[in-house]
Structure formats: C-alpha cells, structure tokens
Amino acid sequence: MHIGFLGLGNMGAPMARNLLKAGHRLSVFDLSDTAVADLVEAGATEAASPAALAQGDVEVIITMLPAATHVKSVYLGANGLLANVQPGVLLIDSSTIDPLSAREVAKVALAQGNPMLDAPVSGGTGGAAAGTLTFMVGGAPSAFEHAQPILATMGKNIVHCGGAGNGQVTKVANNMLLGISMIGVAEAMALGVALGMDASVLAGVINTSSGRCWSSDTYNPFPGVMDNVPAARGYSGGFGTDLMLKDLDLATEAAKHARQPVLLGATAQQLYQSFSQQGHGALDFSAIINLYRKQEA
C-alpha cells in the first residue's frame, strides 16, 4: 500500500520506519531535512510539500504533528492536504489535540469524500520504535476497519473509541488521570520518606496494597526505587513535563467546553505549569516529586 506520512519527530519517525518494515511504500514530508533524509535512506520517498504528497497516488495519509494549530494548517490550509487530496483517500491523524479541533477537521474531510480518523497514541518513543503503541481511534467503523491492519504495524492495542474526536477524548482523559496519579504517588512517597520510611520498602507496600497504580508500580518517581525509569537517571528521557502540561491544558480546556468540573485535573495542570516555569519542562513528568523534596528542587 502507498502511504503518505507527515511529521517525522520523535514519535513519527519510528512509526514511519515500522510502516517501511511492514513492506508499505512510503512518501514522507517534514520541515526537518535531516528527518526526511533519514527516512529516505531507510527506503521512503521524499515529498516536496504536503500538497505534493496529497497529489500523488497515496491511498492513506497519516499525520503526527505537535498541536492543533499545525493539524489545522496542514489539513485546512490553502496548500494543505484537503485542498489537494483525491476523494476516498483515508486520513489518519495521530497527533494529540483537543477533541473539538479533531471533529472540526474530520467534518470538513468527510464533506469532501475523505474518511478521517483521529488516532492519538500512548506508549512513548520506546513503544513507537518497538511497534507496541496503543492507538485510541475515533471515527466511522468502516474507516476504522480499513485502518486497523495499517495501525497494527505500528501498535499492538488498537481500540475503536467511537465517533470522530473520541480518540482524543480518550487520550486527554487518560493522560489527565496519569498526571493526577503521578502527583499523588509523589506526595505519598515524599511524605513517607520525610517521616523516616525507606523509599523502597514504602513503594513495595504501596504496590501490594490499595494505593497501587501504574505511577507507583511501573514508573515510580522516587530515585533509587526502580531501575530503568527516568527517576533512576536524573529524570532524563521519558515523557517530558511540558508534554504532560500540554495534555493537561487540553483536558482542562475541553472540560470548559463541556462544562464539566475537573478539580484535580486543574490542580495538576497548575502544579505542572509551576514546575515547568521553574525551568524543569524538559525533565520527565515524574520529576514533579521534586516539588515535594525540597533538597532536590
């Protein structure tokens, strides 16, 4: 199958590579010449622009872009995808954006005969490289059925979440909970250690008791508790604080439109915003524990 791929960043590039490994013919575009050159060396064909990519004989186009402004520009711009793509080409946006923007773009696409899915991912750069991402997909069942074998070359959990925008709804709800739970684990771990508890013993009890959660048993934020997590390497790598802040911003903004209270989500957003403003935006989001460990702040 001939697939177009736009957005070859930390997530997009390994996803595109997995499409090549699966035997698909791939045309790619990115503003980074280096990113494009790396994919061309791996077997892809360079497209000069989004318009040029859309004007080719692609059967599916996948985008992985930083924010809603980029998605709207790439899809809705005068020289963008929708102004140039042939009717019937399936469009898949794996960016993480707000649900309203996803629904807006999908409505325009469908009106001109292009089925569109929002398919944000979970699993990080490691999952992107390994092809084990989770895709949360919103859109028509027929489009999902068409996309499923393509997404399966990049991920292992492909979940249809409902109509257009529901993939983004699922992503922002999940990541809001993740941000909240990480702060809860950070508070509990910091409190226990401040009161004289050994961090590893405390984590072991939590992880076999009612406080157990992913933020504690798989990604514990306290240094020395777990190997192979960002806390073991100075909070480098992983899922950046600024990325978590972006997702919490999306969640709280979406909540305003729905008139749905997210009291803990809003508090988490404020804490991560403060932490980022202190200069820690590039650190993994689990570094939020340093707000509670004054000697590490």
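Residues numbered from 1 in each chain as written. Predicted model: local features only at pLDDT ≥ 70, side-chain atom pairs only at ≥ 80, totals over all residues. Heavy atoms only, no water.

By the naming in an unreviewed UniProt entry, the protein chain is 3-hydroxyisobutyrate dehydrogenase, taken from Pseudomonas fluorescens. On record in UniProt, under Catalytic activity (unreviewed entry), the comment for the protein chain is "3-hydroxy-2-methylpropanoate + NAD(+) = 2-methyl-3-oxopropanoate + NADH + H(+)". You can read under Pathway (unreviewed entry) in the UniProt record for the protein chain the words "Amino-acid degradation; L-valine degradation." (UniProt positions renumbered as here; feature names shortened; annotations may be inferred.)

K.L.:
Before we move on, could you go through the packing of helix α1 (residues 12-21) against helix α2 (residues 33-42) and cite the residues and values that matter?
P.N.:
At a minimum axis distance of 10 Å, the contact between α1 and α2 shows a crossing angle of 15°. Overall, the two elements α1 and α2 adopt an arrangement that is roughly parallel. In the crossing of α1 with α2, the sense of the turn from one axis to the other is right-handed. Residues Ala13, Ala16, Arg17 and Leu20 of α1 form the contact with α2, whose own contacting residues are Asp38, Leu39 and Ala42. Its residues assigned to classes, the contact of α1 with α2 shows five nonpolar, no polar and two charged. (Axes fitted to C-alpha atoms, helices over the stretch in contact; angles between N-to-C directions. Helix = DSSP H or I, 4+ residues; strand = E, 2+ residues; numbered from the N terminus. Parallel < 35°, antiparallel > 145°, perpendicular 65-115°, else oblique. Left-handed = near helix turned anticlockwise from the far one by under 90°. Contact = heavy atoms within 4.5 Å. Nonpolar A, V, L, I, M, F, W, Y, C, P; charged D, E, K, R; others polar.)

K.L.:
Give a detailed account of the UniProt feature "active site" (unreviewed entry) in the protein chain, specifying residues and quantitative values.
P.N.:
UniProt tags Lys171 as "active site" (unreviewed entry). Inspection of the secondary structure puts Lys171 in helix α8 (residues 166-194). Classification of Lys171 as buried rests on a relative accessible area of 6%. Leaving out residues up to four positions away in the same chain, Lys171 has contacts with Thr96, Pro120, Val121, Met136 and Asp247. (Buried < 20%, exposed > 50% of the residue type's maximum accessible area, 1.4 Å probe, protein only.)

K.L.:
Can you break down helix α9 (residues 199-206) residue by residue, with the values?
P.N.:
Taken together, the buried positions of α9 are occupied by Ala199, Leu202, Ala203 and Ile206. Buried residues of α9 fall within an arc of 100° about the axis and therefore sit on the same side. In this structure, the buried residues of α9 make contact with α8 and α10 (214-217). One side-chain oxygen of the residue at the start of α9 lies 3.0 Å from the amide nitrogen of Ser200, identifying that residue as Asp198. (Arc of directions from axis to C-beta. Polar contact = N/O pair within 3.5 Å; in protein donor to acceptor, adjacent residues only side chain to side chain.)

K.L.:
Help me get a handle on the packing of aromatic side chains, residues and values and all.
P.N.:
To describe a pair of aromatic rings, you give the distance between the ring centres and the angle between the ring planes. Counted according to the given criterion, the structure contains three aromatic pairs. Their ring planes at 20° and their centres at 5.6 Å tell us that Tyr219 and Phe285 sit as a pair that is stacked. With Tyr219 in the loop between α10 and α11 (241-258) and Phe285 in the segment after α12 (263-280), the pair connects residues that are 66 residues apart, well separated along the chain. Tyr219 gets classed as buried once you look at its relative accessible area, which sits at 12%. Among the residues examined, Phe285 registers a relative accessible area of 1% and is labelled buried. The interplanar angle of 80° and the centroid separation of 5.9 Å between the aromatic rings of Phe239 and Phe285 together place this pair among those described as edge-to-face. Taken as a pair, Phe239 in the loop between α10 and α11 and Phe285 in the segment after α12 lie far apart in primary sequence, 46 residues in all. Taken together, the ring pairs connect Trp214, Tyr219, Phe239 and Phe285 into an aromatic cluster. Taking NZ or CZ as reference, Arg293 lies 4.4 Å from the ring centre of Phe222, over its face. (Phe/Tyr/Trp six-rings, centres within 6.5 Å; stacked < 30°, edge-to-face > 60°. Lys NZ or Arg CZ within 6 Å of the ring centre and 35° of its normal.)

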